[in-house]
Structures are given as C-alpha cells and as structure tokens.
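Single-letter residue listing:
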Amino acid sequence: MVIKFTEGPSIRKPTDSSSYNSIMKAVLRLILIFFILVCFGLFYKIHMTLPLNHQNDPAIKPFLFPNIKVPANEIPINEATNNLRPEEILHQGNGIFFVETTDRMEPPYVTLCAVESAARIYPNRPIAFFMKGLPEDRDGDKAKYRIRTLSSYDNIYLFPLRLEEVFYDTPLLSWYRKVKPEHESYWTDVTSDASRLALIWKYGGIYMDNDIISVRPVPLKNFVAAESNDVYSNSIFGCVPHHMFSWRSMEDFVQNYNGSILGHQGPALFARILKKVFCVLRGFKYTEDVRCGNMTLTNPDRFYPIPESSWKKYYEVVDQFRPFSSSYAVHLFENSNQGKYNMVPGSKTLVDRLYEQYCPYTYVTVLMKDRSSH
Ligand SMILES: *[C@@H]1O[C@H](CO)[C@@H](O)[C@H](O)[C@H]1NC(C)=O
Ligand SMILES: *[C@@H]1O[C@H](CO)[C@@H](O)[C@H](O)[C@H]1NC(C)=O
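Procedures and definitions
Residues numbered from 1 in each chain as written. Chains lettered and ligands numbered in written order. Predicted model: local features only at pLDDT ≥ 70, side-chain atom pairs only at ≥ 80, totals over all residues. Helix = DSSP H or I, 4+ residues; strand = E, 2+ residues; numbered from the N terminus. Buried ≥ 20, exposed ≤ 12 C-beta atoms within 10 Å, placed from the backbone. Contact = placed C-beta atoms within 7 Å. Axes fitted to C-alpha atoms, helices over the stretch in contact; angles between N-to-C directions. Parallel < 35°, antiparallel > 145°, perpendicular 65-115°, else oblique. Left-handed = near helix turned anticlockwise from the far one by under 90°. Nonpolar A, V, L, I, M, F, W, Y, C, P; charged D, E, K, R; others polar. Expected span 1.5 Å × (residues − 1). Arc of directions from axis to C-beta. Pairing = 2+ DSSP bridges. Near = placed C-beta within 6 Å. pLDDT = per-residue confidence, 0-100. Core = buried A, V, L, I, M, F, W, Y, C linked by C-beta atoms within 7 Å.

Overview of the overall build of the protein
Line of reasoning, step 1. Counting its secondary structure elements, the protein contains 15 helices and ten strands.
Line of reasoning, step 2. Counting all 374 residues of the protein, 36% fall into the buried class.
Line of reasoning, step 3. Taking contacts inside the protein between residues at least 6 apart in sequence as the whole, the part at least 24 apart equals 76%.

Pasting the structure below:
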C-alpha cells in the first residue's frame, strides 16, 4: 500500500505513511476487539442457557445443541415412523399411553415433562401420545414437528385420537354413538376416561395422565393405583391386552353411565369393578402393595407420595431434594392446580427439582423461554 502512494505526484514523507500505518493498525485492532466481543457474547449466551448445576452434564447438552441450529418446523418426530399406524408400534403390548381429548396442539409444560420423563424411564418401550387435535389426514403428520421438546426422543409417537376408531369393537361404541357431546358437562373428561380403557384393552400397556412424572419403571403389568386407603385412581393403570379388567370396566362404563357426576366413570368405576369382580378391598396397613385377584393394587406411595390435599407442597422450596424412593411416578394434581402455579427454573421448589432431573429438555425449554422474555 505504501508503494501505491509513491506513484503520486509528490512522494509522501515517511511520517505520512507511518501515520497511515498506525491508523490501519488501530482499525485492525478495533475489528479484532469487536470480533472477540462477539465471540464472548455468543459463548455467554450458549453457556448461560444451560441450567447452572448442569453445565457439564452430558444428559442435557445433546438435547440443547442439535435443536439450536435447526428451525423449529423442520424437526421431525421420529421421521422414520411417520405414517405408521398405532398397531404397528404398539403390537407388543408394552406401550405407555397418554391421551389429550381437547383440541389443543400446544401441550402445557407439565404434559411435555410427563411424556419426556416416560420416554427416559422407558427407553425400550413406545410412548404413544394420542391427541384429538392432530389432523385426521395423513398430511397432518407435519403437525408432529411442532412439538419440539419431544422431538429428541425416538420412542415417542404422536397419533390422532379418533374416538370412533378407538371405541370400535368395544362396548363403548354404542354409548359413543348415542351420547350428545353438546349436552355433556364433562365431555373432555368422560372421553378421556373412555378412551384410556379402550386403548389399554386393545393394545395393553400402561395408561398415564398428563401430569404424571415418571421416576422409575413400574415393574407390574396388571395394576390399579390406590390414591389413598379407599380411593382407587384411574390416572394410571396397566393391563396386558384383552384383560378382563379393562373389558368389565368398559361394560360398567356404559351400563352405569352418568355424565353429570365427574369421576363416576373414573375412580368410582374402578372401585366398583375391583369389588364386583376381583377382591374385597381392605386398604393398606403400611407401604405394601396388595394382590386383588390377578390385579395388583399399588400402595398410595407408588404414585401419590404427596396426597391431593397437600398438592401445593410441589411448589414449595425444599432445601434438599430426596428423590421419591418408594415411588414409580409422581402425580402432580394439575386438576387442583389449574395452571395457577408453574415450575420456575432455579426456584428450588420440588417441581423445579423434578423437572430438572426427570425431563431435562423440557426444563431447558422453560429456562430459555424465561431468559428470552426478560
Ligand atoms: C384375571 O382374573 C379374571 C377373574 O378372575 C379372569 O376371568 C381372567 O381370565 C384373568 N385374566 C388374566 C389375563 O389372567
Ligand atoms: C346422575 O346423577 C345425578 C346426580 O346424582 C342424578 O340426579 C341423576 O338422576 C343421575 N342420572 C341417571 C341417569 O342416573
């Protein structure tokens, strides 16, 4: 560059050229500093979006980084298995079932956490999430891509919930064809109660409500969960395909249907069937499970370590997190909460610690949303 100036009409003095040089150096230095700042900024942004205690946790990074680069709508959920029918995935009778009977297609975080925790606890079993809002036609598979949080797990499958098809070949079909949804007070609840019975009858496996966080595998095939000494829940239960328990439950559902009583087709129905067909219900003495015919009644500790009356405990700060050592899963009581209390990352509440440990990708998703909205 200095040479270029020598071509000019008057030869520049050395001082001119050296001041030009020092200006260039200053500019280069500025560019360098700017570049370093940008790098630091990027590093900081990526680094700080990880949960603080888990910066070196290999469990989280693989979920975070692949998803940062890819635009949300292009992430396939189980690309290879799109267009598969439920029976192709669930024929082994070991599926874990979730059902969404509203039309919403953006599940709340607690649902994402429930499904993610199941996918982690049961890596070798299919997790089938039936959603009424998934479009009927096959092009609807694109809708699956929207639920990013679940896309990191290749054992999660989304299926449209087609009630007529689910109830087909079961006692529930006659009820379904007669009933008038517009006259029903609890339509999403009763269709949810009904479809879980039909799915477990047909495919076999474990049904779970959308607010149940899995913490270790359930080692049982045929079970009903006690919520307390005398309440039997239908929030989680399991049966092999074509077990009498789910068939008799569907029959009772139809025979004794009363849509104006919430739970009449749910927990109350399970208590009726157990008493009528399987055993005398005596409750629990300690923390033991109880045999009831060829079903197991699980102790309240297994899925309800905190009873419904104390559900707010999940949103209280705990100094030390003691994992629920005698539970297979933890029921969070979203029905009581109704979305009033949320999981706040870093709050050290029980839900904060549960999410962090059992659904880390959902946890990071909430964390990133929190950071970007402040
Ligand atoms: C379970 O017990 C019922 C009632 O005793 C019986 O009819 C049914 O065949 C049994 N089912 C299985 C799968 O063992
Ligand atoms: C359903 O339950 C309500 C409330 O207990 C009762 O008034 C009504 O008669 C019941 N309906 C039927 C069809 O049994």
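Let's talk about the packing of helix α9 (residues 187-203) against helix α10 (residues 244-255)
Line of reasoning, step 1. Packing of α9 against α10 brings their axes to within 9 Å, and their N-to-C directions diverge by 150°. Relative to α10, the element α9 lies roughly antiparallel. Seen along the crossing, α9 lies across α10 with a hand that is left-handed. When α9 is examined against α10, the residues Ala-194, Leu-197, Ala-198, Ile-200 and Trp-201 are found in contact with a partner set consisting of Ser-246, Trp-247, Ser-249, Met-250 and Phe-253.
Line of reasoning, step 2. Looking at the contact of α9 with α10 residue by residue, the class counts come to eight nonpolar, two polar and no charged.

Overview of α10
Line of reasoning, step 1. Here α10 is twelve residues long and its end C-alpha atoms lie 16 Å apart, about the 16 Å a rise of 1.5 Å per residue gives.
Line of reasoning, step 2. Of the positions making up α10, those classed as buried are Phe-245, Ser-246, Ser-249, Met-250, Asp-252 and Phe-253. Down the axis of α10, the sector holding all buried residues measures 165°, keeping them to one side.
Line of reasoning, step 3. Contact partners of the buried residues in α10: α8 (172-178), α9, β7 (232-239), α11 (267-278) and β9 (295-298).

Topic: the sheet that holds strand β3 (residues 156-160)
Line of reasoning, step 1. In space, the eight strands of this open sheet follow the order β3-β2-β1-β4-β7-β6-β9-β8, with mixed pairing throughout. Edge positions in the sheet fall to β3 and β8 (290-292), since each has one partner strand and no second. Ignoring strand direction, the axes of neighbouring strands in this sheet form an average angle of 25°.
Line of reasoning, step 2. Looking at chain direction, strand β1 (residues 95-100) and strand β4 (residues 205-208) are connected through three bridges and run parallel. Considered in β4, the bridge of Ile-96 is made with Ile-206.
Line of reasoning, step 3. Running over the sheet, α9 touches β1, β4 and β7 and is turned about 155° from β1.
Line of reasoning, step 4. On top of the sheet, α11 reaches β6 (223-226), β7, β8 and β9; it is set at about 60° to β7, its chief contact.

Remarks on the packing of helix α5 (residues 109-121) against helix α15 (residues 360-372)
Geometrically, a packed helix pair is captured by the angle between its two axes and the distance between the axes.
Line of reasoning, step 1. Running from N to C, α5 and α15 cross one another at 155°; their axes reach a closest spacing of 8 Å. Taken as axis vectors, α5 and α15 run roughly antiparallel relative to one another. Contacts between α5 and α15 involve Tyr-109, Leu-112, Cys-113 and Glu-116 on the former and, on the latter, Tyr-361, Thr-362 and Val-366.
Line of reasoning, step 2. For the contact of α5 with α15, the residue count by class is five nonpolar, one polar and one charged.

What to know about the site of ligand 1
Line of reasoning, step 1. Every residue close to ligand 1 is listed here: Val-240, His-243, Met-244, Val-277, Gly-293 and Asn-294.
Line of reasoning, step 2. Tallied by class, the residues present in the shell around ligand 1 amount to three nonpolar, three polar and no charged.

A look at the pairing of β9
Line of reasoning, step 1. Of the two faces of β9, both are covered, the one formed by Met-295 and Leu-297 as well as the one formed by Thr-296 and Thr-298.
Line of reasoning, step 2. Once β8 ends, the chain turns through two residues before running back antiparallel as β9, passing Gly-293 with a positive phi of about 60°.

Observations concerning the confidence of the model for the protein
Line of reasoning, step 1. When the pLDDT values of the protein are averaged, the result is 83; 76% of them are 70 or greater.
Line of reasoning, step 2. Low pLDDT, under 50, characterises residues 1-15; the predicted model gives this stretch five contacts beyond four residues in sequence or across chains.
Line of reasoning, step 3. Predicted confidence is poor over residues 42-81, with pLDDT under 50, and the contacts of this stretch with residues over four places away or in other chains come to 46 contacts.

So, the nonpolar core
Line of reasoning, step 1. Core analysis: the largest hydrophobic core is formed by 83 residues, its most contacted members being Phe-97, Val-115, Phe-129, Met-208 and Ile-213.
Line of reasoning, step 2. Leave out the neighbours within four places in its chain, and Phe-129 touches Phe-98, Val-115, Ile-156, Tyr-157 and Leu-158.

Here we look at unusual backbone geometry
Line of reasoning, step 1. With a phi angle near 60°, His-242 is a residue other than glycine that sits in the positive phi range.
Line of reasoning, step 2. By secondary structure assignment, the location of His-242 is in the loop between β7 and α10.
Line of reasoning, step 3. Backbone geometry at Phe-333 places phi at a positive 60°, although glycine is not the residue there.
Line of reasoning, step 4. The topology assignment puts Phe-333 in the loop between β10 (329-331) and α13 (334-337).

Looking at the pairing of β1
Line of reasoning, step 1. Among the six residues of β1, six are classified as buried, and the element is accordingly described as predominantly covered.
Line of reasoning, step 2. In the sheet, β1 pairs with strand β2 (residues 127-131) via five bridges, with the strands oriented parallel. Bridging from a neighbouring strand, Glu-100 pairs with Met-131 of β2.

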